[in-house]
Amino acid sequence: MCILRCPVPCLSLGSSCCLMPPSDVPRIWYRLVPDVHFPEQLNDALTATKYYLRPEVLAEYSADPSRIAVSGDSAGGNLAAAVCQQLAEDGNIKTKVKLQALIYPVLQVLDFNTPSYQQNMDMPILSRFVMIKFWLDYLNGSQSFAHSLLVNNHTSLDQSETVFVQELLNWNLLLPSSFKKSYQPVIQSKGSPQIVKELPALLDSRASPLIAHKQTLQLLPKTYILTCEHDVLRDDGTMYAIRLENAGIDVTHAHFKDGFHGCMIFATWPTYFSVGAKTRDDYIKWLNDNL
């Protein structure tokens, strides 16, 4: 887990593709697939975060307990969101997180046919099929389930367990028209019920923070969510921003029309893209202004 170089105290969870933090910013390293699978990565991140929030540890880092932010990009955005939800529900945690900052986060495993998944299904760096493969690896599921996930068989109408999910992920209601474009929902009347039986984590909000109940979302801190137009995960972040706003949370949704997944790492020579610098600078400015 890592963070950009910025002059603010911020605990960060990142994927393998983000910039390294300065030495005085704590990084959380969690075990990876195939050595462990969900929920062990989250358990690692949560345990380390709780340890960091202990008064004596904060003092060791000279960190102001009233100015703690949790941040992550991509898969780290998933863990950062889940950690914040777990911390918010834990009444034993005395030091509260002031902010969460999620950079093109992975937030749900239940609809691989949102408009952004359809629009960017073959986009370089992160295609839809690669994202499905990553999810199955994370949840320790058989790769033979890939096609069923691709066509949303795992959340079909004949599965009573997924009814609440369909309500929470109704992107026809959650997304602006500029994101929906002319894409249509993919909802199967009959699906593959054995997938949910073999992978109950599909319906676990610790894996898919986007499906957390409103009561949990109402407890979360001020939030920054960065999304990119050319990214299968665009709608994950956008729907989470809207759900948080509906729960009364102060949310800044920074959307970059020329952005793509992982673009923030392309902010310096020799792999420089202007959008990389723009996303990096916007993220750091928000942290400086709010933390």
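Residue numbers restart at each chain and count upward from 1, following the sequence in its written direction. Thresholds applied to this predicted model are a pLDDT of at least 70 for local features of residues and 80 or more for the giving and counting of side-chain atom pairs; totals over whole chains, interfaces and linings are not thresholded and use all residues. Each side-chain value is worked out from all heavy atoms of the structure, with water and hydrogens disregarded.

Asker: Tell me about the overall build of the protein chain, residues and numbers included.
Answerer: A run of H or I in DSSP counts as a helix once it spans at least four residues, and a run of E counts as a strand once it spans at least two, with each numbered from the N terminus. What the protein chain contains, in helices and strands, is 13 helices and seven strands. Projected onto its principal axes, the C-alpha coordinates of the protein chain cover approximately 55 × 45 × 40 Å. Burial status follows relative accessibility: with a 1.4 Å probe on protein chains alone, a residue under 20% of its type maximum counts as buried, one over 50% as exposed, and anything between as partly exposed. Taken across its 291 residues, the protein chain has 57% of its residues classed as buried. Contact between two residues is taken to exist if any of their heavy atoms lie within 4.5 Å; hydrogens are not considered. Of the contacts formed within the protein chain by residues at least 6 apart in sequence, a portion of 73% connects residues at least 24 apart. Accessible surface, the protein chain as shown: approximately 12,500 Å² in total, 54% of it carbon and sulfur. Taken together, the 24 basic and 28 acidic charged side chains of the protein chain have centroids lying 3 Å from each other. Throughout, the Shrake-Rupley method with a 1.4 Å probe supplies accessible areas, and for residues the shown protein chains are the sole cover considered. Residues scored as charged are limited to Lys and Arg (positive) and Asp and Glu (negative), so that His and the chain ends carry no count. Charge placement uses NZ in Lys and CZ in Arg. For Asp and Glu, CG and CD serve respectively.

Asker: Provide a residue-level description of helix H5 (residues 128-138), including the pertinent values.
Answerer: Turning to H5, its buried residues are Arg-128, Met-131, Ile-132, Trp-135, Leu-136 and Tyr-138. For H5, the arc enclosing every buried residue in end-on projection is 160°, short of the 170-degree limit, so these residues lie on one face. Of the residues one or two after H5, Asn-140 is the one with positive phi, at around 60°. Picture the helix axis, draw a direction to every C-beta atom, and the arc is the one those directions span.

Asker: Describe the packing of aromatic side chains, and please don't skip the residues or the numbers.
Answerer: For any pair of aromatic rings, the description rests on two quantities: the centre-to-centre distance and the angle between the ring planes. Put simply, two rings from Phe, Tyr or Trp (the six-membered ring, in Trp's case) pair if the centres are within 6.5 Å, and we call them stacked under 30 degrees between planes, edge-to-face over 60, tilted for the rest. Evaluation of the coordinates by the stated rule reveals nine aromatic pairs. Their ring planes at 70° and their centres at 5.3 Å tell us that Phe-112 and Tyr-117 sit as a pair that is edge-to-face. Across the pair, exposure class does not vary: Phe-112 and Tyr-117 are buried alike. Taking the centre distance of 6.0 Å and the plane angle of 35° together, the rings of Tyr-224 and Tyr-283 count as tilted. With a gap of 59 residues between them, Tyr-224 in strand E4 (residues 222-230) and Tyr-283 in helix H13 (residues 274-290) connect regions that are remote in the sequence.

Asker: Explain the UniProt feature "domain: Alpha/beta hydrolase fold-3" (unreviewed entry) in the protein chain residue by residue, including any values.
Answerer: UniProt positions are given in the numbering used here, feature names are shortened, and annotations may be inferred rather than shown by experiment. UniProt feature "domain: Alpha/beta hydrolase fold-3" (unreviewed entry): in the numbering of this structure it lies at residues 28-165 and 204-264. A helix fraction of 28% and a strand fraction of 31% characterise residues 204-264, whose end C-alpha atoms lie 29 Å from each other.

Asker: Tell me about unusual backbone geometry, residues and numbers included.
Answerer: Between Val-33 and the following residue, Pro-34, the backbone shows a cis peptide bond with an omega angle of 5°. Position of Pro-34 relative to the elements: it lies in the loop between strand E1 (10-12) and helix H1 (40-52). The omega torsion across Phe-38 and Pro-39 is 10°, close enough to zero to call that bond cis. As for its placement among the helices and strands, Pro-39 is situated in the loop between E1 and H1. Even without being glycine, Ile-125 reaches a positive phi, approximately 80°. Although it is not a glycine, Asn-140 adopts a positive phi angle of roughly 60°. Secondary-structure assignment places Asn-140 in the loop between H5 and helix H6 (146-150).

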